[in-house]
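Notes for the structure review
Chain by chain, the residues run as shown.
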Amino acid sequence: MEEFKHISVLLNETIELLDIKPDGIYVDGTAGGAGHSREIAKRLDPENGRLYALDRDPEAVKVAGERLAGLPAQVIHADFADMRAALKNVGVEKVQGVLLDLGVSSYQLDTARRGFSYHADAPLDMRMSSEGMSAKDLVNTWSYEDLRRILYDYGEEKFAPAIAKAIVAAREIKPIETTGELAELVKSSVPQRVRREKNPCKKTFQAVRIAVNDEMGQLDRALDEAFELLAPGGRLAIITFHSLEDRMVKRRFAEFCKGCTCPPEFPQCVCGKTPRAKAVTRKPVTAAEEELEHNNRSRSAKLRVVEKIK
Ligand SMILES: C[S@@+](CC[C@H](N)C(=O)[O-])C[C@H]1O[C@@H](n2cnc3c(N)ncnc32)[C@H](O)[C@@H]1O
């Protein structure tokens with residue numbers, strides 16, 4: 001296995017806003033290279049505190065296990081959308097904090113054989129878990145409409161129709177097998193001026209990756225799972241990397257904080273539901289200048305935190 005390199009984003013801010021209690025139980029749903037996990041586990045009392053670090057990627061699970069050795073932590077191979085079941089398996093029903101640092105790690109992106117990158121030619125894979133439908137399956141079987149939809153929705157790619165059309169035409173001649181082949185199809189579908197400005201593949205590769213890993217579905221479920229898992233006073237911290245994710249987190253956090261689910265046109269509340277959380281961050285926390293200078297990935301990072309009341 002290649003060296004696992006990943007610089008954690010918003011590390012100090014996340015640790016501070018999680019307000020870690022040494023005797024608490026914490027969940028890091030996205031262990032990755034264990035950057036955040038280590039900082040959480042180091043603050044826990046070895047007798048009474050404990051961190052459960054989850055990841056769906058077996059390679060991350062292995063590395064996180066090594067990096068957390070000797071700390072009050074346990075690594076679990078699981079999807080964060082199933083965190084309650086994973087925690088129940090180890091006898092935990094309530095926790096004091098949950099962290100999700102979404103998306104893929106730099107290790108996953110930079111390891112060519114994982115098939116995430118348009119910078120290297122490799123089998124088109126993109127599965128974080130190395131199981132289930134791959135990017136190759138997706139581009140060779142999804143309909144034109146579905147391809148166009150994910151390119152628009154998950155990539156905000158304005159040339160979605162042209163790219164989807166090129167994919168469908170190419171696979172009629174032979175299956176699309178590699179990242180290089182997909183990258184060439186994207187390049188040949190966008191106007192020359194776009195090709196000159198910057199790499200035109202970024203949006204398509206992001207869209208396919210989000211679809212392959214059902215990232216929006218996982219986040220949707222994880223928001224409820226994590227909130228249910230929290231004990232009153234517990235905190236949920238989420239770092240997002242694109243507007244779709246951030247919008248989902250912002251809306252759900254607003255619902256937790258508002259409580260009432262009556263339609264806005266009702267003159268007064270009839271549901272009687274009261275706030276279940278309070279906002280710890282009013283606006284999303286973004287990376288400071290110093291972090292932006294040494295970690296490009298931090299550019300799009302947004303951290304939001306809520307605290308459960310009941
Ligand atoms: C941005 S990295 C986390 C990096 C980590 N915070 C660190 O400091 O090293 C995201 C990690 O979350 C994992 N991941 C993404 N979606 C997941 C999901 N639905 N369930 C479990 N793990 C997931 C990925 O495999 C990846 O290792």
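Residues numbered from 1 in each chain as written. Predicted model: local features only at pLDDT ≥ 70, side-chain atom pairs only at ≥ 80, totals over all residues. Heavy atoms only, no water.

**Observations concerning the site of the ligand**
The immediate surroundings of the ligand are formed by 26 residues, with S8, D55, F80, D101 and Q218 found nearest. A distance of 3.2 Å separates an oxygen atom of the ligand from a polar backbone atom of G35. If the ligand stood free it would expose 600 Å²; the protein chains cover 99% of that surface. When atoms are counted within 2 Å of each cavity's grid points, the one that captures over half of the ligand is the largest cavity. Grouping the constituent residues of the shell around the ligand by class yields eight nonpolar, twelve polar and six charged. (Near = heavy atom within 4 Å. Polar contact = N/O pair within 3.5 Å; in protein donor to acceptor, adjacent residues only side chain to side chain. Areas by Shrake-Rupley, 256 points an atom, 1.4 Å probe, with all protein chains shown as cover. 1 Å grid on protein atoms, 1.4 Å probe; cavity = no way out; pocket = protein on both sides within 12 Å on 5 of 7 lines; lining within 4 Å. Sits in = over half its atoms within 2 Å of the grid points. Nonpolar A, V, L, I, M, F, W, Y, C, P; charged D, E, K, R; others polar.)

**A short note on the layout of surface pockets**
Each pocket or cavity is described by its volume, and for the largest pocket that value is around 1,200 Å³. Forming the boundary of the largest pocket are 36 residues, of which L109, Y118, K202, Q206 and S300 lie nearest the centre. (Points joined across faces, edges and corners; volume = space filled by probe spheres on them.)

**Remarks on the sheet that holds strand β6 (residues 277-279)**
Strands sit in the order β3-β2-β1-β4-β5-β7-β6 across an open sheet of seven strands; the sheet is mixed. In the strand order of this sheet, the two ends are held by β3 (73-77) and β6, each with one partner. Across the sheet, the mean angle from the axis of one strand to that of its neighbour is 20 degrees, orientation sign disregarded. Across three bridges, the pairing between strand β1 (residues 25-28) and strand β4 (residues 95-101) is parallel. Within β4, the residue paired with V27 across the bridge is V98. (Pairing = 2+ DSSP bridges. Helix = DSSP H or I, 4+ residues; strand = E, 2+ residues; numbered from the N terminus. Axes fitted to C-alpha atoms, helices over the stretch in contact; angles between N-to-C directions.)

**Brief notes about empty space enclosed by the protein**
All chains considered together, the criterion is met by one cavity of 30 Å³ or more. Forming the walls of the largest cavity are 31 residues, and the residues nearest its centre are T30, D101, L102, G103 and M128. Looking at the lining of the largest cavity, the elements that each hand over two or more residues are α2 (35-42), β2 (50-55) and α12 (215-229). Ranked by residue count, the leading element in the lining of the largest cavity is α12, at four residues. Residues of the lining of the largest cavity, tallied by class, amount to eleven nonpolar, 13 polar and seven charged.

**A few points about the pairing of β3**
Looking at chain direction, β2 and β3 are connected through five bridges and run parallel. Within β3, the position partnered with L51 by the bridge is A73. Remark: the β2/helix α3 (residues 58-67)/β3 crossover connection has right-handed handedness. (Right-handed = clockwise from strand over helix to strand, strands pointing away.)

**Here's the deal with the environment of M133**
For M133, the position within the fold is in the loop between α5 (106-110) and α6 (135-141). C-alpha of M133 to C-alpha of L68: the two residues are 65 residues apart in sequence and 31 Å apart in space. When near neighbours in sequence (up to four residues on either side) are disregarded, M133 contacts R127, L138, W142, A211 and V212. (Contact = heavy atoms within 4.5 Å.)

**A few points about the environment of S243**
Mapping S243 onto the fold places it in helix α13 (residues 243-258). Looking at S243, the relative accessible area reads 32%, which means it is partly exposed. (Buried < 20%, exposed > 50% of the residue type's maximum accessible area, 1.4 Å probe, protein only.)

**Section: the nonpolar core**
Taken as a class, soluble globular proteins show a tendency for nonpolar side chains to be buried jointly. With 36 residues, the main nonpolar core has L138, Y154, I167 and I176 as its most contacted residues. The element that contributes the greatest number of residues to this core is helix α8 (residues 160-173), accounting for seven residues. (Core = buried A, V, L, I, M, F, W, Y, C linked by side-chain atoms within 4.5 Å.)

**Considerations on the packing of aromatic side chains**
Applying the stated rule across the entire model yields four aromatic pairs. Relative to Y107, the ring of F4 has its centre 4.3 Å away and its plane inclined at 10 degrees; by these criteria the two rings are stacked. Of this pair, F4 sits in the segment before α1 (11-18) while Y107 sits in helix α5; the two residues are 103 residues apart in sequence, bridging distant segments of the chain. Taken together through their ring pairs, the aromatic side chains of F227, F253 and F256 make up a single cluster. (Phe/Tyr/Trp six-rings, centres within 6.5 Å; stacked < 30°, edge-to-face > 60°.)

**Details of the pattern of salt bridges**
Taken as a whole and judged by the stated rule, the model has 24 salt bridges. Salt-bridge contacts for R114 lead to D57; the nearest nitrogen and oxygen are separated by 2.9 Å. Here R114 is found in the loop between α5 and α6, whereas its partner D57 is found in the loop between β2 and α3, with 57 residues between them in sequence. With a relative accessible area of 0%, D57 lands in the buried category. Here K174 makes a salt bridge to E181, at a shortest N to O gap of 3.2 Å. Through salt bridges with shared partners, a single network forms among E2, D57, E59, R113 and R114. (Salt bridge = Lys/Arg side-chain N within 4 Å of Asp/Glu carboxyl O.)

**Remarks on α3**
Given 3.6 residues per helical turn, the α-helix brings residues three or four places apart onto the same face. When we look at burial in α3, the residues that qualify are E59, A60, V61, V63 and A64. Looking at the buried residues of α3, the elements they touch are β2, β3 and α5. Where α3 begins, one side-chain oxygen reaches toward the backbone nitrogen of E59, 2.8 Å away; that side chain belongs to D57.

**Considerations on the pairing of β1**
Here β1 pairs with β2 via four bridges, running parallel. Directly across from V27, in β2, lies its bridge partner Y52.

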